[in-house]
Amino acid sequence: MNYSVKPFLKWVGGKYTLANELKKHLPNNFDELNYIEPMLGGAGMFFNLQPKTAILSDINEKLIITYQSIQNNVKGVISKLKKHELNHTTIEDYYYEVRKQFNDGYKTSDELAAGFIYLNKTNFNGLYRVNNKGEFNVPKGRTTSGSVTICDEKVLKDCSDLLKNVKLHSKSYEDALEDLNNDCFVYLDPPYLPQTDVSFTKYSKDGFSVEDHKILSTHCKDLSEKGIKFMMSNAENDYTYDIYGDFTIKPLTVYHSLGPDKKTRKKAKECIITNY
């Protein structure tokens, strides 16, 4: 596309805006490489870059089903999402009814996708968090019913167009990184290393710890040995240099997006980690 396409999900730590800075650090032959993103989340980097070929994956199965539904039947998702939009303004506690159904399960992928998007647009700060049972447990946000666009048809259709020729998989990043060759470029956006021991990292029911980052670093070394270029976004702190010190670390100062009150949000130290 010749114009910008915003992600259809809001996502804590989303990279759509920051991608304008990350672009400056892509390898010179980026356009010749297959784009691989195995920790997809809100797909901000993908929608900003609009690569020619892409394989996108995430361990969150419901998230990938949502992308597949937008890819294959965006009109069906829009139809169901419009019903959520109407009910959100007319039925008290509708958010919690949808959340319960989301956890209990839907009969069709389009229903799941519409439920996912509705909850994402109306919950507390766009978080995706699950409990130890794997149940989505984020409360309703503080926004009023008239201040949020639940069904943005143009954005959904534009995203669908960009996803048409993309391969989407629900799998761990470890599995996604297997069998790649040096015709690939990998962008990694894991839950960030903690600034403190209590930083939020509970994306999947198993979380993502400092030890998990140490394991991720070994996979990064495997990519380097295969001649596969990668870029990673992460926090910049002592953990980063300790775990990823074998690679090039370029500090960035960005506007921190985590927090319900925009007035209290602050700049945060982040970095780009590359092997090129």
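The preceding data block contains the structure.
In this text, all values refer to a predicted model and were calculated from it rather than measured experimentally. (Residues numbered from 1 in each chain as written. Predicted model: local features only at pLDDT ≥ 70, side-chain atom pairs only at ≥ 80, totals over all residues. Heavy atoms only, no water.)

A. Main features of the packing of helix α4 (residues 74-90) against helix α7 (residues 153-163). As a packed pair, α4 and α7 sit with axes 10 Å apart at the nearest point and diverge in direction by 155°. Looking at the two axes, α4 sits roughly antiparallel to α7. The element α4 and its partner α7 pack so that their crossing is right-handed. Taking contact as the criterion, the partners of Val-74, Ile-78, Leu-81 and Lys-82 in α4 are, on α7, Glu-153, Leu-156, Lys-157 and Ser-160. Class assignment of the residues belonging to the contact of α4 with α7 gives a composition of 4 nonpolar, 1 polar and 3 charged. (Axes fitted to C-alpha atoms, helices over the stretch in contact; angles between N-to-C directions. Helix = DSSP H or I, 4+ residues; strand = E, 2+ residues; numbered from the N terminus. Parallel < 35°, antiparallel > 145°, perpendicular 65-115°, else oblique. Left-handed = near helix turned anticlockwise from the far one by under 90°. Contact = heavy atoms within 4.5 Å. Nonpolar A, V, L, I, M, F, W, Y, C, P; charged D, E, K, R; others polar.)

B. Representation of the nonpolar core within the structure. In this structure, Phe-8, Tyr-35, Phe-46, Phe-47 and Tyr-67 are the most contacted members of the largest nonpolar core, which totals 59 residues. When residues in this core are grouped by element, the largest group, 7 residues, is from helix α6 (residues 109-122). In this structure Tyr-67 touches Phe-8, Leu-9, Leu-40, Gly-41, Gly-42, Ala-43, Phe-47, Leu-163 and Leu-168, once residues within four positions along its chain are discounted. One finds Ile-36, Leu-188, Phe-230 and Tyr-244 within the second-largest nonpolar core, a separate group that totals 22 residues. (Core = buried A, V, L, I, M, F, W, Y, C linked by side-chain atoms within 4.5 Å. Buried < 20%, exposed > 50% of the residue type's maximum accessible area, 1.4 Å probe, protein only.)

C. Expanded view of helix α5 (residues 94-104). Listing the buried residues of α5 in full gives Tyr-94, Tyr-95, Val-98 and Phe-102. The buried side chains of α5 occupy one side of the element, clustering within an arc of 100° when seen end-on. Residues of α5 that are exposed and angled more than 90 degrees away from the buried face: Lys-100 and Asp-104. The inward-facing, buried residues of α5 abut α3 (61-72), α4 and α6. In the stretch just after α5, Gly-105 is the one whose phi turns positive, near 115°. (Arc of directions from axis to C-beta.)

D. Here's a closer look at the environment of Phe-30. Counting through the fold element by element, Phe-30 comes out in the loop between α1 (19-22) and β1 (34-37). Separated by 154 residues in sequence, Phe-30 and Cys-184 place their C-alpha atoms 8.9 Å apart. Once residues within four sequence positions are removed from consideration, Phe-30 is found in contact with Tyr-35, Leu-49, Pro-51 and Phe-185.

E. Focus on the pairing of strand β7 (residues 267-274). Burial runs high along β7: 6 of the 8 residues are buried. Note: strand β5 (residues 229-235) against β7, 5 bridges, orientation antiparallel. If you follow Ala-235 over to β7, its bridge partner there is Glu-270. (Pairing = 2+ DSSP bridges.)

F. Fine view of the packing of aromatic side chains. Following the criterion strictly, the structure yields 16 aromatic pairs and no others. Here Trp-11 and Tyr-128 contribute two aromatic rings whose centre-to-centre distance is 6.2 Å and whose plane-to-plane angle is 15°, an arrangement assigned as stacked. Taken together, the residues Trp-11 in the segment before α1 and Tyr-128 in the loop between α6 and α7 connect sequence positions 117 residues apart. With respect to burial, Trp-11 and Tyr-128 carry one shared label: buried. One aromatic cluster is present, formed by Trp-11, Phe-102, Phe-116, Tyr-128 and Phe-136 through successive ring pairs. (Phe/Tyr/Trp six-rings, centres within 6.5 Å; stacked < 30°, edge-to-face > 60°.)

G. Structural detail: the side chain of Lys-15. Mapped onto the fold, Lys-15 is located in the segment before α1. For Lys-15, a relative accessible area of 5% corresponds to the buried category. Of note is the side chain of Lys-15, whose polar atom sits 3.0 Å from the side chain of Asp-189. In this structure Lys-15 touches Gly-44, Met-45, Tyr-187, Asp-189, Tyr-192, Ser-233 and Glu-270, once residues within four positions along its chain are discounted. (Polar contact = N/O pair within 3.5 Å; in protein donor to acceptor, adjacent residues only side chain to side chain.)

Taken by themselves, the reported measurements are silent on function.
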